[in-house]
Amino acid sequence: MEYFILFGVFLTLMIIGTPIAFCLGISSFATVAYLGLPPVVVFQRLNSGVSLFTLMAIPFFIFAGDLMMRGGIASRIIAFAGSLIGHVRGGLGQVNILASTLFGGISGSAVAEAAAVGGIMVPQMKARGYGADYAVNVTSMAALIALLLPPSHNMIIYSISGGGRISIADLFTAGVIPGLLLAVALMITAYVVARKRGYPTEPFPGFSKVGQYLVVAVPGLMLIAIIFGGVRSGIFTATESSCIAVLYALLVTLLVYRSMSWSEFVHSTLGAVKTTAMVLFIIGSAAAFGWLMAYLKIATIMIDFMGSISDDPLVILLLVNVLLLVLGTFMDMGPLIIITTPIFLPVVSSFGVDPVHFGVIMVLNLGIGLNTPPLGPVQFVAAAVGKISIWEAMRSIWPFYGAGIVVLGLVTYIPALSLWLPALFRGN
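Residues numbered from 1 in each chain as written. Predicted model: local features only at pLDDT ≥ 70, side-chain atom pairs only at ≥ 80, totals over all residues. Heavy atoms only, no water.

Q: Hey, could you run me through the overall build of the protein chain in this one?
A: Looking only at helices and strands, the protein chain features 23 helices and zero strands. Taking 22 Å as the expected radius of gyration for a compact globule of 428 residues, we find that the protein chain reaches 21 Å, a close match to that expectation. Dimensions along the principal axes, computed over C-alpha positions, put the protein chain at roughly 70 × 50 × 45 Å. Counted over contacts in the protein chain with a minimum sequence separation of 6, partners at least 24 positions apart contribute 79%. Accessible area of the protein chain: about 17,300 Å², with a carbon and sulfur share of 72%. (Helix = DSSP H or I, 4+ residues; strand = E, 2+ residues; numbered from the N terminus. Rg over C-alpha atoms; globule rule 2.2 N^0.38 Å. Contact = heavy atoms within 4.5 Å. Areas by Shrake-Rupley, 256 points an atom, 1.4 Å probe, with all protein chains shown as cover.)

Q: Looking at this structure, how should I read unusual backbone geometry?
A: Note on backbone geometry: most residues besides glycine have negative phi, and most peptide bonds are trans. In this structure, proline 151 follows proline 150 across a cis peptide bond, with omega equal to 10°. Examined against the element boundaries, proline 151 turns out to sit in the loop between α9 (145-148) and α10 (153-161). Its identity as a non-glycine residue notwithstanding, lysine 387 has a phi of 55°, on the positive side. Residue position: lysine 387 is located in the loop between α20 (377-386) and α21 (390-394).

Q: Please explain the nonpolar core as it appears in this structure.
A: Across soluble globular proteins, nonpolar side chains show a tendency to be buried alongside one another. Within the largest apolar cluster, 143 residues are counted, with the highest numbers of intra-cluster contacts made by Ile97, Tyr134, Phe358 and Phe400. Ranked by residue count, the leading element in this core is helix α18 (residues 333-350), at ten residues. (Core = buried A, V, L, I, M, F, W, Y, C linked by side-chain atoms within 4.5 Å. Buried < 20%, exposed > 50% of the residue type's maximum accessible area, 1.4 Å probe, protein only.)

Q: When you look at the side chain of threonine 139 in this model, what are you seeing that I'm missing?
A: Mapped onto the elements, threonine 139 comes out in helix α8 (residues 132-142). Those residues within four positions of threonine 139 in sequence are excluded, and the remaining contacts are Asn96, Ala114, Gly118, Val122 and Ala382.

Q: Is there a simple way to think about the confidence of the model for the protein chain in this case?
A: Fine structural detail should not be taken from predicted coordinates in areas where pLDDT scores are low. On average, the protein chain scores 83 in pLDDT, and the residues at 70 or more come to 97%. Put simply, helix α16 (residues 298-309) is where the protein chain has its lowest mean pLDDT, 75, and helix α22 (residues 398-413) is where it has its highest, 94. (pLDDT = per-residue confidence, 0-100.)

Q: I'm lost on the pattern of salt bridges in this one. Help?
A: When their charged atoms lie close together, side chains carrying opposite charge are able to pair. The final tally for this structure, using the stated rule, is one salt bridge. With a shortest N-O distance of 3.0 Å, arginine 197 and aspartate 133 are connected by a salt bridge. Of this pair, arginine 197 sits in helix α12 (residues 176-197) while aspartate 133 sits in helix α8, and the two are 64 residues apart along the sequence. A relative accessible area of 36% places arginine 197 in the partly exposed class. Exposure remark for aspartate 133: the relative accessible area of 17% places this residue in the buried category. (Salt bridge = Lys/Arg side-chain N within 4 Å of Asp/Glu carboxyl O.)

Q: Hey, could you run me through the packing of aromatic side chains in this one?
A: Ring pairs (aromatic) are described by centroid distance and by the angle formed between their planes. Following the criterion strictly, the structure yields ten aromatic pairs and no others. Judged by centre distance (5.3 Å) and plane angle (65°), the ring pair of phenylalanine 29 and phenylalanine 43 falls under edge-to-face. Taken together, the positions of phenylalanine 29 in helix α2 (residues 20-35) and phenylalanine 43 in helix α3 (residues 40-50) put the pair 14 residues apart, joining distant regions of the chain. The exposure class assigned to phenylalanine 43 is exposed, which follows from its relative accessible area of 52%. Counting every residue linked through ring pairs, the aromatic cluster contains Tyr130, Tyr134, Tyr199 and Phe400. We note arginine 76 situated over the ring of tyrosine 257; from NZ or CZ to the ring centre the distance is 4.0 Å. (Phe/Tyr/Trp six-rings, centres within 6.5 Å; stacked < 30°, edge-to-face > 60°. Lys NZ or Arg CZ within 6 Å of the ring centre and 35° of its normal.)

Q: Explain helix α13 (residues 207-233) to me, please; I cannot follow it from the model alone.
A: Turn by turn, an α-helix covers 3.6 residues, leaving residues three or four places apart pointing in a common direction. Look at α13: only 34 Å from first C-alpha to last across 27 residues, short of the 39 Å you get at 1.5 Å a residue. Roughly 55° is the biggest bend found in α13, and it falls at valine 218, with proline proline 219 one to four residues downstream. The positive-phi residue at the C-terminal boundary of α13 is glycine 234, with phi of around 85°. (Expected span 1.5 Å × (residues − 1). Bend = angle between axes of the 7 residues up to and from the residue.)

Q: Would you take a moment to explain the environment of serine 418 for this structure?
A: Position of serine 418 among the secondary structure elements: in helix α23 (residues 416-426). Under the relative-accessibility criterion, serine 418 is labelled buried at 0%. Sequence spacing of serine 418 and proline 178 is 240 residues, and the spatial spacing of their C-alpha atoms is 6.7 Å. Residues in contact with serine 418, not counting those within four places in the same chain, are Ala174, Pro178, His357, Val360 and Val411.

Q: Mind showing me how you'd approach the environment of glutamate 240 here?
A: By the element assignment, glutamate 240 lies in helix α14 (residues 238-256). On the basis of relative accessibility, which here comes to 38%, the residue glutamate 240 falls in the partly exposed class. Measuring from C-alpha to C-alpha, the distance between glutamate 240 and proline 150 comes to 14 Å, with 90 residues separating the pair along the chain.

Q: Sorry if this is basic, but what is going on with α20 here?
A: Here α20 has its buried residues at Val378, Gln379, Ala382, Ala383 and Gly386. Buried residues of α20, viewed axially, fall in a sector of 130°; they line one side. For α20, the elements touching its buried residues are α7 (110-127), α8 and α21. Of the residues one or two after α20, lysine 387 is the one with positive phi, at around 55°. (Arc of directions from axis to C-beta.)

Q: I would appreciate a short explanation of the environment of alanine 403 in the present structure.
A: Positionally, alanine 403 belongs in helix α22. Residue alanine 403 is classed as buried on the basis of its relative accessible area of 8%. Sequence separation of alanine 403 and leucine 186 is 217 residues, and the distance between their C-alpha atoms is 6.2 Å. Setting aside anything within four residues of it in sequence, one finds alanine 403 in contact with Ala185, Leu186 and Thr189.

Below you can see the structure in the form of structure tokens.
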């Protein structure tokens, strides 16, 4: 009965449109009441869930990304990407993906990337004859690259959900090759679709112009090296790197580009505060929900159930991937990581899967869910920018979905794609 109450109340509230944080909190209260535990335990777990020093990295990275978006860094990165690859078939689609890859190493957020890059690229693509659905689909799928590259917020949440024993530096490093692989797969797909539809190319501006755009973009791009290099080398922690990112973003936008006005700074600050409050409320509620799942030994039950189906790690990973893809269509990524990591991480670990490898699988898998209705926040943002309905975009997104699923399969069944680079940096 306690399992039915925990998941039944949660699903019922979610179906009727209750915000996800309240779904998690109310279902936790209902289960605690049935078990006869003191209700204060939910508040204690909620408080402990957000009282982790590592979590401080998330609001600072959110703030840094917002400062860069409003301070003109995104537009300069897009200009550099356009000069570099715009002459390929479907040039603006290729520029969109490359810009998302470069900006993803700064923002760490798929939604922020869809808004920043999409806000600049989608209107340009539509004005030059590209279909609105093509522009939206390229934008929404390319935004997922940010989830895999440092400073990915979701990698930090996964590390915390795994008990804090999984190195954030290793997770940041492990996502680099899969992130670049996803970018290449999307570029190939965008080229094929653009060729089929007869979309134009952009004129090549010449290498001197490319060099000029690169020089202008370098101050913004340097942040990628600062975050990744500093965390990977151990000079500073992920939390410290987030503070440095904010300071660096302020210096670049105020002193180098001189494009940050006082009103934009205020908007960035208020936006970061609002986003952080929502994220932390969800994380705290999900922590209480996750504690109840541990209390009810759901992970042990899942291990026994999976073991009864197969003892082959390949089959287990396939089952977990299918379950996560289904769950990702109904829930946001952050709470899902917090809820499902304590369930599935012990399962896959018992079959010999490395926790860092599984973290990359989970982040990429749930990232695809961000583009899948009925939730699909990244798809909704991109569709809003493109001024089309979500269903118009969904009718032609399948080639891009296919590219994402192929990369997910490669990352799942070729562990070296995730584990080789962390091992290289550790000197193993």
